Amino acid sequence: MPKRVDHEERRTEIAEALVRVAGRQGLHAVGMRDVAAEAGVSLRLVQYYFQTKEKLLLYGLEQLAARFTERITARLAAMGDDPGPRAVIEALLLVSLPTDEESRTFHLVYTSYAVLSVTDRALADQRFTDNPAAAEDAVARLLQRAREAGLTRPGTDPRSDAISLLALAAGLGTSILVGHRTPESAAATLHHQLDRIFLDDRGGTAPSPA
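Note that the coordinates shown come from a computational prediction; the quantities given were computed from them, not determined experimentally. (Residues numbered from 1 in each chain as written. Predicted model: local features only at pLDDT ≥ 70, side-chain atom pairs only at ≥ 80, totals over all residues. Heavy atoms only, no water.)

### Topic: unusual backbone geometry
Part 1 of the argument: One non-glycine residue, Gln51, lies in positive phi territory at about 65 degrees.
Part 2 of the argument: Along the polypeptide, Gln51 turns up in the loop between helix 3 (43–50) and helix 4 (53–77).
Part 3 of the argument: With a phi close to 45 degrees, Asp82 is a non-glycine residue in the positive phi region.
Part 4 of the argument: With respect to the helices and strands, Asp82 occurs in the loop between helix 4 and helix 5 (85–95). (Helix = DSSP H or I, 4+ residues; strand = E, 2+ residues; numbered from the N terminus.)

Here you go:
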């Protein structure tokens with residue numbers, strides 16, 4: 001009896017091959033033939049599941065984002081019950097920095113996709129996420145909670161501070177990626193910015209950047 005093919009599993013394997021190749025060569029240089037070779041399948045099979053390179057790139061990025069979300073969830077779960085808004089925000093920011101192979105690949109591929117979509121209409125027309133402001137909303141809610149609990153300095157604005165923190169983390173991630181900054185100095189910069197928002201460390205202590 002022929003083996004039953006799990007199509008979703010096969011699609012995921014091909015997407016993971018895309019991410020591996022993109023992490024080594026850069027997303028702009030990846031072709032469907034490269035992905036097929038990495039996955040150990042035929043080019044025809046890759047085309048069967050994804051039809052176009054754009055569809056393959058989008059699915060690969062969705063899988064990468066899903067794994068990154070799982071990483072964040074595990075990090076927060078390890079912090080125990082109610083670690084406080086500052087500790088949660090700092091963990092969210094630090095886990096986004098490219099400090100190991102997985103997070104480096106996520107940052108590299110995600111940034112490459114964003115850049116390519118500026119000039120590639122086929123990519124730009126694809127909807128990567130249903131809620132692009134999810135991270136901003138989550139951090140803003142945590143900052144609002146902290147402000148209501150009297151943990152933040154006077155004059156703080158949860159929405160504006162959330163935008164600033166996420167933009168800072170993204171910029172620091174790129175600077176680590178290109179070798180201009182170490183993970184340790186990036187973590188120290190984030191901690192310094194949080195010190196300017198929070199009154200003290202009552203909301204939690206800083207986790208390591210790893």
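Right, picking up where we left off after that structure.
### Section: the packing of aromatic side chains
Part 1 of the argument: Enumeration over the complete set of coordinates arrives at four aromatic pairs.
Part 2 of the argument: Ring centres of Phe50 and Tyr59 lie 5.5 Å apart, and the angle between their planes is 50 degrees; this geometry places the pair in the tilted category.
Part 3 of the argument: Classification of Tyr59 as buried rests on a relative accessible area of 9%.
Part 4 of the argument: Centroid distance Phe106 to Tyr110: 5.7 Å. Interplanar angle 20 degrees. Geometry classified as stacked. With Phe106 and Tyr110 both in helix 6 (residues 101–119) and four residues apart, this pair spans about one turn of that helix.
Part 5 of the argument: Classification of Phe106 as buried rests on a relative accessible area of 14%.
Part 6 of the argument: With a relative accessible area of 37%, Tyr110 lands in the partly exposed category.
Part 7 of the argument: Members of the aromatic cluster, connected to one another through ring pairs, are Phe68, Phe106 and Tyr110.
Part 8 of the argument: When the ring centre of Tyr59 is taken as reference, the NZ or CZ atom of Arg11 above it lies at 4.3 Å. (Phe/Tyr/Trp six-rings, centres within 6.5 Å; stacked < 30°, edge-to-face > 60°. Buried < 20%, exposed > 50% of the residue type's maximum accessible area, 1.4 Å probe, protein only. Lys NZ or Arg CZ within 6 Å of the ring centre and 35° of its normal.)

### Describing empty space enclosed by the protein
Part 1 of the argument: A complete count under the given rule lists one cavity of 30 Å³ or more for this structure.
Part 2 of the argument: Considering only enclosed or pocket space, the largest cavity measures out at about 30 Å³ in volume.
Part 3 of the argument: Breaking the lining of the largest cavity down by element, the ones donating at least two residues are helix 4 and helix 6.
Part 4 of the argument: With three residues, helix 4 is the single largest residue contributor to the lining of the largest cavity. (1 Å grid on protein atoms, 1.4 Å probe; cavity = no way out; pocket = protein on both sides within 12 Å on 5 of 7 lines; lining within 4 Å. Points joined across faces, edges and corners; volume = space filled by probe spheres on them.)

### Focus on the nonpolar core
Part 1 of the argument: Among the nonpolar cores identified, the biggest contains 51 residues, and Leu56, Ile89, Leu143, Leu165 and Phe198 are the most heavily contacted of them.
Part 2 of the argument: Here Phe198 is in contact with Pro85, Arg86, Ile89, Leu143, Ala146, Leu151, Thr152 and Arg153, once residues within four sequence places are set aside. (Core = buried A, V, L, I, M, F, W, Y, C linked by side-chain atoms within 4.5 Å. Contact = heavy atoms within 4.5 Å.)

### A word on the packing of helix 5 against helix 8 (residues 134–148)
Part 1 of the argument: Two numbers describe how helix 5 lies on helix 8: the axes approach to 9 Å, and their chain directions differ by 155 degrees. Compared by their axis directions, helix 5 and helix 8 come out roughly antiparallel. The chirality of how helix 5 crosses helix 8 is left-handed. Contacts between helix 5 and helix 8 involve Pro85, Val88, Ile89 and Leu92 from the first element and Val139, Leu142, Leu143, Arg145 and Ala146 from the second. (Axes fitted to C-alpha atoms, helices over the stretch in contact; angles between N-to-C directions. Parallel < 35°, antiparallel > 145°, perpendicular 65-115°, else oblique. Left-handed = near helix turned anticlockwise from the far one by under 90°.)

### A few points about the confidence of the model for the protein
Part 1 of the argument: Mean pLDDT for the protein: 86, with 90% of residues reaching 70 or above.
Part 2 of the argument: Averaged pLDDT values for the elements of the protein fall to 72 in helix 7 (residues 121–124) and rise to 96 in helix 10 (residues 183–197).
Part 3 of the argument: Counting contacts from residues 202–210, a segment whose pLDDT is below 50, to residues more than four positions away or on other chains yields 25 contacts. (pLDDT = per-residue confidence, 0-100.)

### Notes on the side chain of His107
Part 1 of the argument: Looking at where His107 falls in the secondary structure, it is placed in helix 6.
Part 2 of the argument: Taking relative accessible area as the criterion, His107 reaches 10% and is therefore assigned buried.
Part 3 of the argument: Ignoring anything within four residues of it in the chain, the contact list for His107 reads Ser96, Pro98, Ala170, Gly173, Thr174 and Leu177.

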